[in-house]
Structure formats: structure tokens, C-alpha cells
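# A closer look at the structure
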Amino acid sequence: MKKLIITGLSLLSLNAAIIDSDLDGVVDTQDMCPNTPFLQTVDKNGCSQAQLNKKNKMKFNISLGYEYDKYSTTDDDLYLANITAYTKKYSISYNYSMLNSKSNDSILSLYYKKFISDNIRIKAGIKTYFPTDYNDKMDYAIKVKATYYSSSWAFSLSEKHKMYGESGTNDKDTITIEAGKTIKNIYISPYMYTENSAYNSSDWNNYIGCYAQYYINKNYFVSLDVSSQIDDSSVYSIITNIGYSF
């Protein structure tokens, strides 16, 4: 009954700028659970209990990919594998990459995510880089990311602070700004980032890039990530992935 009353008031509203597509009483710009089935009671974020239970259910992503890195004098080919398990609040992922079939990299990441308001989410976590053929020390990184959600875009600012176990190196910082938007089955996110050298903390390089992910259907997706150093266009990276979500 409460939802029917709210629906009636919404239909009679003279403010055409307020759009409530699923008629749950929460406008689209603030609705965290779009397409709520009719007559389901929702909370202040537009989520019914059934939708919250579905959001809190653990989901998985598995992907395989290829990365080509071009430097001024050398090229690298990396073969990538990733598995991620996540809920609404937590995620854990394992990444493995093999460089030129002779060395490898293994990374375990743990993240916590929380909405601190209707439009702002904080994501914080730690990454562990396991010893490799070319580095017998453990490396660690702490990453914090803040995202602001507008009606159709998501704007993010993140900082990653990496600590190397190898002697003769300094901590490395990577600061990234990005914007993301979903258009039908395609998610597009242009970005820029700056980072210092692990061997010279005062040596900073700037990069620009764009990430795109296409959802083939409910479960399968492909992605492409292209980036280039702003100061030297001969340095660039191309990453492609195919993945399965369930």
C-alpha cells in the first residue's frame, strides 16, 4: 500500500526533471538498485530486501588476457590470468602474469568497499606481490580509491603507495583520476595517472589512457585497456582480456 501511494504521488508530480523509472519512490539519480520489481518495499537507497540479498551474495570473475608493453628500447609480452571473488563490501583477487615465458608475477589483493553517502564510495585495500624469478623479496602496496556517482557518470581519485622489499629502491606512488560511464553494454573509462620511479622518487612520469569493457551477455565480457606516456609517446601499453562472471 505504501508503495502504491508513493507511485501515485510520483505520477502526479509536476516536476518532470525527477525520474523514477522503476516507480519505487526513489529517483534514478539516488537509486542504488534500479529495476526493483513492482510492489516490493524498498529502503532509502531504493533497494528491496530481495535485491540486497542478491547484492550480498558472493560473485566471481575469471579472466585471461594478454599485455603488450612498448618501451623506448624494449618490448614485453605478458600473459595474464585473474580470479576475483567479491560481495557488496569485500573483494579478494589473485593475478598471475608470465613475462616472455621466462619470469612471472603473482599478486593477491584484498579490498573493503563502503558507501559513506548516497553518492560517494570509498574502496581501500592491500596488495601483496609475491617473490618472482627476478625479485626474491615480497612487495606490498596500499591503495585507497574514492568514487563520486552522478546521474550517469562515476568520477574517481585513487592513490597507490607501493613498498618494495628490494634494496636500493624507494616507495612508489601512483595517483589516478578517472571517469566511467556505461552506454548499453559498454563501459568506458578514460583516465590519467602520474607515478614516480622506484629508483628515483623525484622522477615522475605522466600517462593517459582509456579502458573499455563490453558485456557480450550476462556472463561473458571482453575488455581493452590502452595507455601511453604523455611525455614520450614511444612508451605505451595495450591490454586485452576475455572473462566470465558467475
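Below, the structure is looked at part by part. Everything numeric in this text was worked out from a predicted model, so none of it was measured. (Residues numbered from 1 in each chain as written. Predicted model: local features only at pLDDT ≥ 70, side-chain atom pairs only at ≥ 80, totals over all residues. Heavy atoms only, no water.)

### A short note on the overall build of the chain
- When helices and strands are counted, the chain shows two helices and 12 strands.
- Reading the chain from its N end, one meets helices and strands in the order α-α-β-β-β-β-β-β-β-β-β-β-β-β.
- Within the span of the chain, comprising 246 residues, buried residues form 31% of the whole.
- Within the chain, contacts between residues at least 6 apart in sequence are counted, and of these 31% link residues at least 24 apart.
- Working note: accessible area of the chain is about 15000 Å², and carbon and sulfur atoms make up 60% of it. (Helix = DSSP H or I, 4+ residues; strand = E, 2+ residues; numbered from the N terminus. Buried < 20%, exposed > 50% of the residue type's maximum accessible area, 1.4 Å probe, protein only. Contact = heavy atoms within 4.5 Å. Areas by Shrake-Rupley, 256 points an atom, 1.4 Å probe, with all protein chains shown as cover.)

### Details of the state of the cysteines
- Applying the stated rule across the entire model yields one disulfide.
- Across the disulfide from Cys33 sits Cys47; the S-S distance is 1.9 Å. Its S-S torsion of about 85° marks the bond between Cys33 and Cys47 as right-handed, since a negative value means left-handed. Pair noted here: Cys33 is in the loop between α1 (2-12) and α2 (49-56) and Cys47 is in the loop between α1 and α2, with a separation of 14 residues, a long-range link. Take Cys33 and Cys47: they sit in the same class, and that class is buried. (Disulfide = S-S within 2.5 Å.)

### Some words on the side chain of Asp105
- Along the chain, Asp105 turns up in strand β4 (residues 103-115).
- An unpaired buried charge is present at Asp105: no salt bridge exists, and Lys162, the closest side chain of opposite charge, is 6.0 Å distant.
- Discounting chain neighbours no more than four positions away, the residues touching Asp105 are Asn95, Tyr96, Ser97, Phe130, Thr132 and Tyr134. (Lys, Arg positive; Asp, Glu negative; His and termini not counted. Salt bridge = Lys/Arg side-chain N within 4 Å of Asp/Glu carboxyl O.)

### A few points about the pairing of strand β6 (residues 139-149)
- Summarising the sheet, strand β5 (residues 120-129) and β6 pair through 10 bridges and their orientation is antiparallel. Directly across from Arg121, in β6, lies its bridge partner Thr147.
- Direction of pairing for β6 relative to strand β7 (residues 154-163): antiparallel, over a ladder of 10 bridges. Its bridge partner lying in β7, Tyr140 is registered against Met163.
- Linkage of β6 to β7, two consecutive antiparallel strands, is achieved through a turn of four residues. (Pairing = 2+ DSSP bridges.)

### Looking at the environment of Thr84
- Inspection of the secondary structure puts Thr84 in strand β2 (residues 75-86).
- Classification of Thr84 by relative accessible area gives buried; the value is 16%.
- Remark: the alpha-carbon pair of Thr84 and Lys59, spanning 25 residues in sequence, is separated by 8.2 Å.
- Apart from the residues within four sequence positions on either side, Thr84 is in contact with Lys59, Phe60, Asn61, Ile92 and Ser93.
- Polar contacts involving the side chain of Thr84 include one to the side chain of Asn82, which spans 3.0 Å. (Polar contact = N/O pair within 3.5 Å; in protein donor to acceptor, adjacent residues only side chain to side chain.)

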